[in-house]
Amino acid sequence: MSVSRSFASVSIRVHPWQEFLIDCARPASFFSLDGPVGPGRRNDPRDVIKVQSLLGNGDLGSFGRYQGPQGTLQDEDVDGIKSWQSRNRLRVDGVLNPGGETIRSLRKSMAAWATKSWSGASPS
């Protein structure tokens, strides 16, 4: 299965996985969820991959065990979400809702990390 994408005046066909990567390249999109992620929630694989990637940057969740996101919510991910929520004094329920306090907190943290990591860096 492929999807048509238009870039400027060129139209190409891409695989759904490539479509996901293109979507994630937009910072606002990467930090937004289409549905809730957590125990008993919708857990769309695209949203779970985003959550696993964000948690992986903080050494939380299943990211390390699988050497990357796999798109299926694991117990380690729920524990990582709860740990993040606890550390940041958020409601500890293991759930991320679209536009909710946990995803907003992760977004702020990642923005601060990226700014700190890249400040003062210059290309060689």
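Residues numbered from 1 in each chain as written. Predicted model: local features only at pLDDT ≥ 70, side-chain atom pairs only at ≥ 80, totals over all residues. Heavy atoms only, no water.

Visitor: Before we move on, could you go through the pattern of salt bridges and cite the residues and values that matter?
Guide: For the coordinates displayed, the defined rule picks out 3 salt bridges. Residues Arg42 and Asp44 are paired through a salt bridge, measuring 3.8 Å at the closest nitrogen-oxygen approach. When the shortest N-O distance is used, the salt bridge between Arg91 and Asp93 registers 2.9 Å. On the basis of relative accessibility, which here comes to 55%, the residue Arg91 falls in the exposed class. Connected through salt bridges with shared partners, the residues Arg42, Asp44 and Arg46 form a single ionic network. (Salt bridge = Lys/Arg side-chain N within 4 Å of Asp/Glu carboxyl O. Buried < 20%, exposed > 50% of the residue type's maximum accessible area, 1.4 Å probe, protein only.)

Visitor: If you had to explain helix H5 (residues 75-87) to someone new, which residues and values would you point to?
Guide: Compared with an ideal rise of 1.5 Å per residue, which puts 13 residues at 18 Å, H5 spans 18 Å between its outermost C-alpha atoms and is within 8% of the ideal. Every buried residue of H5 is listed here: Asp77, Val78, Gly80, Ile81, Trp84 and Gln85. Along the axis of H5, the buried positions cluster into a sector of 160°, meaning they face one direction only. Opposite its buried face, H5 presents the exposed residues Asp75 and Arg87, each directed more than 90 degrees away. Phi turns positive, to about 55°, at Arg89, one or two residues after H5. (Helix = DSSP H or I, 4+ residues; strand = E, 2+ residues; numbered from the N terminus. Expected span 1.5 Å × (residues − 1). Arc of directions from axis to C-beta.)

Visitor: Break down helix H3 (residues 45-56) for me, citing the residues and quoting the values.
Guide: Its 12 residues place the ends of H3 16 Å apart at the C-alpha level, agreeing with the 16 Å of an ideal helix rising 1.5 Å per residue. For H3, the tally of buried residues reaches 10 of 12 residues, placing the bulk of the element in the interior. Of the positions making up H3, those classed as buried are Asp47, Val48, Ile49, Lys50, Val51, Gln52, Ser53, Leu54, Leu55 and Gly56.

It is worth stressing that arrangement in space is one thing and function is another; only the former is reported here.
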